[in-house]
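Chain and residue survey
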Amino acid sequence: AYRDARDALLKDERELIDKTKAVAAKRRQLPDGGQLKEDYVFQWASGGKAGQRVKFSELFGGKNSLLLYSFMFGPNWDKPCPSCTSLMDGFDRSWYQVSQDAAFPAIAKAPAEKINAWAKERGWSQIPLLSGYGATFQKDYGCQGETDDDQQAAMHAFRKRDGKIFHFWSAEAGVDTV
C-alpha cells in the first residue's frame, strides 16, 4: 500500500518540478520593468564598512544583474523578524554561489550599526548588508507600509542595460518562491 501511494505521490512531485521549471523559464523571459526611480543612497552595514554611503548603482559591481533581499528589521525593532533571520542564515551561506552570476546584497530599514551588530551575533559574514535608513527605497518598492517600522520581506531583481537600471522581477507571491 505504501509503495502504491508513494509512486502516486512521486508522479505528483515530478509534475510539480516540471511546472516549477516552466514558470522559471517564463520568468527569465520577462521584459524589463520600470527604470530605477532614483539612484538611492544607502549605508553599508557589514564588512568593516558599516556607516559608509553607497549608491544603488554601485551595488552591481561588475555584474549586470542584482538580487536584493529586503528583510524585516525596522529602526525601532530590537531584532529582525525570525523568519527573515532564518532566510538570511541561508542566504549568507549561499551568497558565494549566487554571487557568481549576480550581485546579491540584503537590506533592512534599521540603522547600519543595528544591522551590523545583529549580523555579528548571527555569524553572517558573506552576504553584503545595507541599511536603507533615511532612503525611500523600501517604501518605493513595496517593502514598507506607512511607517519605517512597517516592514515587509521582499526579493527584487534588477538589470543594468545601456547604463540604465531596470526592475526585472520581485517575489510578489511570497518570498518563499525564491
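Everything quoted here is computed from the prediction, not taken from an experiment.

As a further point, take the sheet that holds strand β5 (residues 129–131). The sheet built from 7 strands is open, its strands ordered β2-β1-β5-β4-β3-β6-β7 with mixed pairing. Edge positions in the open sheet fall to β2 (53–55) and β7 (164–170), since each of these has one partner strand only. Each strand of the sheet is rotated relative to its neighbour by a mean of 35°, with strand direction disregarded. Looking at chain direction, strand β6 (residues 154–161) and β7 are connected through 6 bridges and run antiparallel. What sits directly across from Arg161, in β7, is Lys164. Taken strand by strand, helix α2 (residues 82–98) contacts β3 (65–70), β4 (106–108), β5 and β6, and its axis lies near 160° from that of β3.

In total, this model carries 16 aromatic pairs according to the counting rule given. Taking the centre distance of 6.2 Å and the plane angle of 50° together, the rings of Phe137 and Phe158 count as tilted. Within this pair, whereas Phe137 is found in helix α4 (residues 137–140), its partner Phe158 is found in strand β6, the two being separated by 21 residues in sequence. Residue Phe137 is classed as buried on the basis of its relative accessible area of 0%. A residue is classified by how much of its surface remains accessible, and Phe158, at 1% relative accessible area, is buried. An aromatic cluster is defined as three or more aromatic residues linked by ring pairs; in this entry it consists of Tyr40, Phe42, Phe56, Phe60, Phe137, Tyr141 and Phe158. When the ring centre of Tyr141 is taken as origin, the NZ or CZ atom of Lys37, which lies over that ring, is 5.3 Å away.

Before going further, it helps to spend a moment on unusual backbone geometry. Although it is not a glycine, Asp162 sits at a positive phi angle of roughly 50°. Assignment of secondary structure puts Asp162 in the loop between β6 and β7. By relative accessible area, which is 79% here, Asp162 ends up exposed.

What follows is about the pairing of β3. Looking at chain direction, β3 and β6 are connected through 6 bridges and run antiparallel. Following the sheet pairing, Tyr69 is matched in β6 by Met155. Note: β3 against β4, 2 bridges, orientation parallel. Note on β4: the bridge partner recorded for Tyr69 is Ala106.

For helix α3 (residues 112–122), every residue scored as buried is listed here: Ala112, Ile115, Asn116, Trp118 and Ala119. What you see down the axis of α3 is that its buried residues fit within an arc of 165°, all on one side. The outward face of α3, more than 90 degrees from its buried face, is lined by the exposed residues Glu113, Lys120 and Glu121. Here the buried face of α3 lies against β1 (41–44), α2, β4 and β5. Gly123 occupies a position one or two residues after α3 and carries a positive phi of about 80°.

The rules we used
Here the residue numbering is sequential within each chain, running from 1 through the sequence in written order. Residue-level local features of this predicted model are given only where pLDDT is at least 70; pairs of side-chain atoms are given and counted only at 80 or more, and the full residue set underlies all totals for whole chains, interfaces and linings. Here the side-chain values reflect all heavy atoms present in the structure, with hydrogen atoms and water set aside. Here, any two strands with at least 2 DSSP bridges between them count as paired. Put simply, DSSP marks the helices as runs of H or I at least four residues long and the strands as runs of E at least two long, and each gets a number from the N terminus on. An axis is simply a line fitted to the C-alpha atoms; with a helix, the fit covers only the stretch in contact. Between two such axes, the angle follows the N-to-C directions and lies from 0 to 180 degrees. Note on contacts: a residue pair qualifies if any of its non-hydrogen atoms lie within 4.5 Å across the two residues. Aromatic pairs are defined between Phe, Tyr and Trp rings, using the six-membered ring for Trp, whenever the two ring centres lie within 6.5 Å; interplanar angles under 30 degrees are classed as stacked, those over 60 as edge-to-face, and all others as tilted. Burial classes: relative accessible area under 20% of the type maximum marks a residue as buried, over 50% as exposed, and values in between as partly exposed (1.4 Å probe, protein chains only). For a ring to carry a charge above it, either NZ of a lysine or CZ of an arginine must fall within 6 Å of the ring centroid while also lying within 35 degrees of the normal to the ring plane. Taking the helix axis as origin, the arc is that swept by the directions to the C-beta atoms.

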